[in-house]
Amino acid sequence: MYSVADVMTKQVVAVTPAAGFKEIAAVMGRWKVTAVPVVERDGHVIGVVSEADLLPKEEFHEYRPGLVEQMRRLDDTAKAGSDRAEDLMTAPAVTVRPDATLSRAARLMAEHRVKRLPVVDADGTLKGIVSRVDLLKVFLRSDDDLAAEIRRSVVERLFPGTHDAVRVSVTQGVATVTGQVGEGHLIPLAERLARAVEGVVDVRCRLHESAPAPEGHRDRTRPGASVRAARRRGDDQRLDFGPGRS
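*Asks:* Even after reading the chapter, I still don't get the sheet that holds strand 5 (residues 166-171), so can you show me in this structure?
*Replies:* What links the strands of a sheet is backbone hydrogen bonding, and the strands pair in either a parallel or an antiparallel sense. Ordered in space as 5-6-7, the 3 strands form an open sheet in which the pairing is mixed. Each end of this open sheet is capped by a strand with a single partner; those strands are strand 5 and strand 7 (202-209). With direction set aside, neighbouring strand axes in the sheet form an average angle of 5°. Summarising the sheet, strand 5 and strand 6 (residues 174-181) pair through 6 bridges and their orientation is antiparallel. Opposite Ser-169, over in strand 6, you have Thr-176 as the bridge partner. The strands touched by helix 9 (residues 143-158) are strand 5 and strand 6; relative to strand 5, the strand with the most contacts, the crossing angle is about 150°.

What follows is the structure in structure tokens.
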């Protein structure tokens, strides 16, 4: 299972609370990023300044909003008159831990409508940053790598007795799992686990439960079954020939 630590960018550009408007804009332009964390001297993240936080300065540069619009957009109008990171930033910052799953990071981005998250440790100290692009890195895994993980972590674990009868193939991230297994009740679980493998785009599960062997066949395969059968045949012979001896 991949975590945020596996895909995050560890070299992060950040600004202090006292950073000025032009300094922030210059940092964004130089590093080609759309947002920067605001950190205190000890490295603790206290907020994030994004392009959206800077744009009101330009929007209201030659346009003075009316009273109603000012009341409706108090936050934007306040930022339009601000010059320092501590007044421009969005706080508190939405952050994520390095050990968080990629799905957790994706949900946070979607819920808060942000494109990147500062990655912090238990003390809130900046350790990296993870963006939407970073979360998509898992989809760059090769098809062979994905197939090997599905076979190792799903097929061999769930179907130890029949895994040799299962074929796993992956094409452009779409996994196809085909074959017959003895544990039919585990097939839905196998599909869910295969779909949860990081980098898998979709899963086509074509597993089927193998038909049980006929009762007589199962008897013959049990230890001692042939001996018992022979004894039964011997008993029958004695019954047949016994009266002939009298």
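*Asks:* Just checking my understanding: could you explain the packing of helix 9 against helix 10 (residues 187-196) for this structure?
*Replies:* The description of two packed helices rests on the angle between their axes and on the distance between the axes. Two numbers describe how helix 9 lies on helix 10: the axes approach to 10 Å, and their chain directions differ by 165°. By the angle class used here, helix 9 and helix 10 are roughly antiparallel. Considering how the two elements wind past one another, helix 9 and helix 10 form a crossing that is right-handed. Here helix 9 contributes Ile-150, Val-154 and Leu-158 to the contact with helix 10, which in turn contributes Leu-189, Ala-190, Leu-193 and Ala-194. Taken together, the residues that form the contact of helix 9 with helix 10 break down as 7 nonpolar, no polar and no charged.

*Asks:* I'm lost on the pairing of strand 7 in this one. Help?
*Replies:* Side-chain direction in a regular strand flips from residue to residue, so the side chains alternate between the two faces of the sheet. Sheet analysis places strand 6 next to strand 7, joined by 8 bridges and oriented parallel. Paired with Val-177 across the two strands is Cys-205, which belongs to strand 7. Where the polypeptide runs from strand 6 across helix 10 and back to strand 7, its parallel neighbour, the crossover connection is right-handed.

*Asks:* Any chance you could explain the environment of Ala-106 here in plain terms?
*Replies:* Its place among the elements puts Ala-106 in helix 7 (residues 102-112). On the basis of relative accessibility, which here comes to 36%, the residue Ala-106 falls in the partly exposed class. Separated by 29 residues in the primary sequence, Ala-106 and Leu-135 have C-alpha atoms spaced 7.4 Å apart.

*Asks:* What should I look at first to understand the confidence of the model for the chain in this one?
*Replies:* The predicted structure's coordinates, where accompanied by low pLDDT, should not be read in detail. For the chain, the average pLDDT comes to 85, and 77% of its residues sit at 70 or higher. Per-residue pLDDT stays below 50 along residues 219-230; that stretch engages in 4 contacts with residues further than four places along the chain or on separate chains. Counting interchain partners and residues more than four positions distant, the pLDDT-below-50 stretch residues 235-246 has 1 contact.

*Asks:* How should the pattern of salt bridges be read in this particular structure?
*Replies:* Pairing between side chains of opposite charge can happen when the charged atoms of each approach one another. On inspection of all chains with the given rule, the structure shows 7 salt bridges. Glu-191 is the salt-bridge partner of Arg-195, the closest N and O atoms lying 3.0 Å from each other. Here the residue Arg-195 and the residue Glu-191 both occupy positions in helix 10, the gap between them amounting to 4 residues, near one helical turn. With a relative accessible area of 37%, Arg-195 lands in the partly exposed category. Between Asp-202 and Arg-195 there is a salt bridge whose closest N-O contact spans 2.7 Å. Residue class for Asp-202 comes out partly exposed when judged on its relative accessible area of 31%. What you see here is one network of salt bridges that share partners, running through Arg-141, Asp-145 and Glu-149.

Procedures and definitions
Residues numbered from 1 in each chain as written. Predicted model: local features only at pLDDT ≥ 70, side-chain atom pairs only at ≥ 80, totals over all residues. Heavy atoms only, no water. Pairing = 2+ DSSP bridges. Helix = DSSP H or I, 4+ residues; strand = E, 2+ residues; numbered from the N terminus. Axes fitted to C-alpha atoms, helices over the stretch in contact; angles between N-to-C directions. Contact = heavy atoms within 4.5 Å. Parallel < 35°, antiparallel > 145°, perpendicular 65-115°, else oblique. Left-handed = near helix turned anticlockwise from the far one by under 90°. Nonpolar A, V, L, I, M, F, W, Y, C, P; charged D, E, K, R; others polar. Right-handed = clockwise from strand over helix to strand, strands pointing away. Buried < 20%, exposed > 50% of the residue type's maximum accessible area, 1.4 Å probe, protein only. pLDDT = per-residue confidence, 0-100. Salt bridge = Lys/Arg side-chain N within 4 Å of Asp/Glu carboxyl O.

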